[in-house]
Structure formats: C-alpha cells, structure tokens
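# Observations on chain architecture
Listed here are the chains, written in short residue letters.
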Amino acid sequence: MNNYLVSKEEGGNVVGVAFFYAPSYAVADAALHQAVDPFDWDRYSLEKTNDACFDSLPTYSVSLDNDGNACVGGEIVSHKNLPLV
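Figured I'd write up the structure that's included with this text. Every chain is numbered on its own, with residues counted from 1 as its sequence reads. This being a predicted model, a pLDDT of at least 70 is required before a residue's local features are given, and a value of 80 or more before pairs of side-chain atoms are given or counted; all residues contribute to the totals for chains, interfaces and linings. To get the side-chain values, take all heavy atoms of the structure and skip hydrogens and water.

### Some details on the pattern of salt bridges
- Any Lys or Arg side-chain nitrogen located within 4 Å of an Asp or Glu carboxyl oxygen qualifies as a salt bridge. What the rule picks out here adds up to two salt bridges.
- Lys-8 is the partner of Glu-10 in a salt bridge, and the nearest nitrogen-oxygen pair spans 3.7 Å.
- For Glu-10, a relative accessible area of 35% gives the class partly exposed.
- In this structure Lys-8 comes out as buried when scored by relative accessible area, which is 9%.
- Here Asp-40 and Arg-43 are joined by a salt bridge, their closest N and O atoms 3.8 Å apart. The rule is simple: take the accessible area with a 1.4 Å probe, protein chains only, and divide by the maximum for that residue type; under 20% is buried, over 50% is exposed, in between is partly exposed.

Shape is all these values report; function is a separate question.
Put into structure tokens, the structure is as follows:
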C-alpha cells in the first residue's frame, strides 16, 4: 500500500484536503475522479508521499472492486462517501 496526498487549488493557494492509502497511483486516481465533479478535476492533484499520515486531514483506505471501481469501506466511491472539500 502507498500513501497519497490529495490537494486542491483554492483562491490561488494549494491546500491538502485528504490522504489516500491505496495499492497504486491508479487506484488513488480512480477514487479521486469518482469523488470529484468532472468540471473540478483540474483543481485537484494527487501526489505520492512517504509520510505515514496527516493528523489534520481525513484519511481513506481505497481499494478496487471486481468491476474496477474505487471503493472506500466496501462502498463505491462517490462525492457522498469521500467528500473532498
């Protein structure tokens, strides 16, 4: 498993919004794209990090189901169960 920091551009500043624990960049990226409105994709970035966790950020363990959907807690990722605000 790898650690990924999700950042968002807000008012000209880049701020961390979440931390993903996922088996690969592709899985973390799938979760990000499932959780974010397509019109906002360019405001978000995903970066692999060696840090174990970010105490001040929500942390999500992301996996893939048999259909290739990113899941958190056994549920397919959406903006409802993975809010990145």
